[in-house]
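Residues per chain, in single letters:
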2 protein chains.
Amino acid sequence: MRDKELLDVFGEILMKKVRDEAIEHWEKTTQGELKSPESQRLHKLISSSGQSELFNDLVPKIVDTTLHHLLWTFEQNELIDINVANGDSEHISIKEISDGLAGELYTEDGWISLFSDKNKS
Amino acid sequence: MRDKELLDVFGEILMKKVRDEAIEHWEKTTQGELKSPESQRLHKLISSSGQSELFNDLVPKIVDTTLHHLLWTFEQNELIDINVANGDSEHISIKEISDGLAGELYTEDGWISLFSDKNKS
C-alpha cells in the first residue's frame, strides 16, 4: 500500500470510528434516545435549556478541537508513535508519512471532508 | 521503564496535552478570550444563549466521549498500533500493556483522576 493510502486508512478510521461515533453519541443524548440515567439527566438538562440546536452545532467543533490537539500532540511528542499495518506485515509510522498530522483534518480534501458522515464544524 | 509506567506516560500526555488543552480552548472561547473572528462569533453565541455554565459543564464530557471512542478504536482495530519509547531505544505497544485502553480513563486511579487538571466529567 502506498504511503498516502496508509495515511488515509488511519484518517478514515479516525473519522468514522471516533469523530462520527462521538458526535452520534451526543446527538442521541440530546434527543433522549440513550436510556442510561446519566444520559437521561443530560437530555433533560439540554432540552430544558432551550438550546439543543446550538448545542448540536457546537458538539462537532468540540470533538474536532480534541482531535486537533490529539494529532498535534502525536506529531510533536517524540515518545509516542502511531503505526498502521501496510498489508505486507510491516507497520509504518504515520508521523513519517504526513507533513503535518493536524493539518490532515481540515481543507477541502482533508479527512473530515473525505471521510466523516457527520456535520462539518 | 516498567510497563505500567509506560502506560502512564502515554496517559499523562493524553490528559495534559489533549484533554486539558481542548477543555481550556473552550473555556477561553466561552469567556471571549480568544480573538479570532470565529472564536468571537462562538463566544457571542454561547454568551447570548445564557447557558455558558451548562456549556462549560458539558465540554469535558464531550472531550471524554471523543477520547473514549479513540481508545476503544485503538484497542479494537488491528491495523493501528500506538507505541511509547521506553528509554532503552525500544518502542512498546500500549495495546499489549493495557487490559483495556478505554478503561484506563475512568475509575478512581484512572488517567483523568491522576493526570488531568481540568473538570472531571
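Quick look at the structure, then. (Residues numbered from 1 in each chain as written. Chains lettered and ligands numbered in written order. Predicted model: local features only at pLDDT ≥ 70, side-chain atom pairs only at ≥ 80, totals over all residues. Heavy atoms only, no water.)

**Structural notes on the overall build of chain A**
What counts is decided by this rule: Comment: elements are numbered from the N terminus, with helices defined as DSSP H or I runs of at least four residues and strands as E runs of at least two. What the globule rule says is 2.2 Å times the number of residues to the power 0.38, and the radius of gyration is computed from C-alpha atoms. Three exposure classes are used, based on accessible area relative to the maximum for each residue type with a 1.4 Å probe and protein chains only: buried under 20%, partly exposed in between, and exposed over 50%. Residues count as neighbours in contact if any of their non-hydrogen atoms are within 4.5 Å of one another. Note on areas: Shrake-Rupley, 1.4 Å probe, and residue coverage restricted to the protein chains presented here. Residues counted as positive are Lys and Arg, residues counted as negative are Asp and Glu, and His and the chain ends are not counted. Charged side chains are reduced to one point each, which is NZ for Lys, CZ for Arg, CG for Asp and CD for Glu.
Check the secondary structure of chain A and you find five helices and two strands. The linear arrangement of helices and strands in chain A, starting from the amino end, is α-α-α-β-β-α-α. Computed over its C-alpha atoms, the radius of gyration of chain A comes to 17 Å, more than 25% above the 14 Å expected for a compact globule of 121 residues. Seen through its principal axes, chain A has C-alpha atoms that stretch 50 × 25 × 25 Å. Counting every position in chain A, which comprises 121 residues, the buried fraction comes to 51%. Long-range pairs, those at least 24 residues apart, make up 63% of the contacts in chain A with a sequence separation of at least 6. Carbon and sulfur atoms form 46% of the exposed surface of chain A, whose accessible area is close to 6,000 Å². Both charge centroids of chain A, one from 13 positive and one from 24 negative side chains, sit 10 Å from each other.

**Describing the relation of the copies chain B and chain A**
Just so we agree on the cut-off: Fitting of the copies onto one another was done by least squares over C-alpha atoms, counting residues only where both copies have pLDDT of at least 70.
The operation relating chain B to chain A is a screw motion whose rotation component is 180°, with 0.0 Å of axial translation and a residual RMSD of 0.0 Å. Here the symmetry operator amounts to a two-fold rotation axis. The position closest to the rotation axis in chain B is occupied by the C-alpha of Ile 82 of chain B, lying 2.3 Å away. Counting the interface residues of chain B, we find that 100% of their copies in chain A are interface residues as well, pointing to one common contact surface.

**Structural notes on unusual backbone geometry**
Note: most peptide bonds trans; most residues except glycine with negative phi. Unusually for a residue other than glycine, Thr 107 of chain A sits at a positive phi of about 70°. If you trace the backbone, Thr 107 of chain A turns up in the loop between helix H4 (94–97) and helix H5 (111–115).

**Details of the interface of chain B and chain A**
To keep it simple, the criterion reads: Here the quantity called buried area is the total loss of accessible area, with a 1.4 Å probe, experienced by two parts when brought into contact, counted for both. Put simply, a salt bridge is a Lys or Arg side-chain nitrogen that is within 4 Å of an Asp or Glu carboxyl oxygen. Think of a polar contact as two N or O atoms within 3.5 Å of one another; within protein, one of them needs to be a possible hydrogen donor and the other a possible acceptor, and neighboring residues in sequence only count if both atoms come from side chains.
Listed as interface residues are 40 residues of chain B and, on the opposing side, 40 residues of chain A. Carbon and sulfur atoms supply 76% of the area buried between chain B and chain A, which totals about 3,400 Å² over both sides. The three residues of chain B that bury the most area against chain A are Ile 62, Thr 66 and Leu 79 of chain B, which together make up 16% of that side's buried surface. The shortest N-O distance in the salt bridge between Lys 61 of chain B and Glu 38 of chain A comes to 3.7 Å. Between chain B and chain A we count six residue pairs in polar contact (both at pLDDT 80 or more) in total.

**As for the packing of helix H1 (residues 3–30) of chain B against helix H2 (residues 37–49) of chain B**
Residue and element names in this part refer to chain B. Just so we agree on the cut-off: For every element, the axis is a line fit to its C-alpha atoms; helices are fit only across the contacting stretch, and the angle between N-to-C directions ranges from 0 to 180 degrees. Between 65 and 115 degrees an angle is taken as roughly perpendicular, under 35 as roughly parallel, over 145 as roughly antiparallel, and anywhere else as oblique. Polarity classes work like this: nonpolar for Ala, Val, Leu, Ile, Met, Phe, Trp, Tyr, Cys and Pro, charged for Asp, Glu, Lys and Arg, and polar for all others, with Gly in that last group.
For the pair H1 and H2, the least separation of the axes is 8 Å and the interaxial angle reads 70°. By the angle between their axes, H1 is roughly perpendicular relative to H2. Two secondary-structure elements touch here, H1 through Trp 26, Thr 29 and Thr 30 and H2 through Ser 39, Leu 42, His 43 and Ile 46. When its residues are assigned to classes, the contact of H1 with H2 shows three nonpolar, four polar and no charged.

**With respect to the pattern of salt bridges**
Residue and element names in this part refer to chain B. With the rule as written, the count across this model stands at 16 salt bridges over all chains. When the shortest N-O distance is used, the salt bridge between Arg 19 and Asp 64 registers 2.7 Å. Of this pair, Arg 19 sits in helix H1 while Asp 64 is found in helix H3 (residues 52–76), placing the two residues 45 residues apart along the sequence. The pair Arg 19 / Asp 64 is uniform in exposure class, with both members buried.

**Focus: the pairing of strand E1 (residues 80–85) of chain B**
All names here are of chain B. Note the cut-off: In this scheme, strands are said to pair when DSSP sees at least two bridges between them.
In terms of burial, E1 is largely enclosed, as six of its six residues are buried. Of the two faces of E1, the one holding Ile 80, Ile 82 and Val 84 and the one holding Asp 81, Asn 83 and Ala 85 are both buried throughout. As paired strands, E1 and strand E2 (residues 91–93) are joined by three bridges and run antiparallel to one another. The residue of E2 that forms the bridge with Val 84 is Ile 92. Taking the residues that link successive antiparallel strands as the turn, the E1-E2 hairpin has five residues, and the phi of Gly 87 there is positive, at about 85°.

**As for the side chain of Ser 39 of chain A**
Residues and elements named next belong to chain A. For Ser 39, the location among the structural elements is in helix H2 (residues 37–49). A polar atom in the side chain of Ser 39 sits 2.9 Å from the side chain of Ser 36. Apart from the residues lying within four places of it in its own chain, the contact partners of Ser 39 are Thr 29 and Leu 34.

Interpretation note: all reported values are geometric properties and have no functional meaning in isolation.
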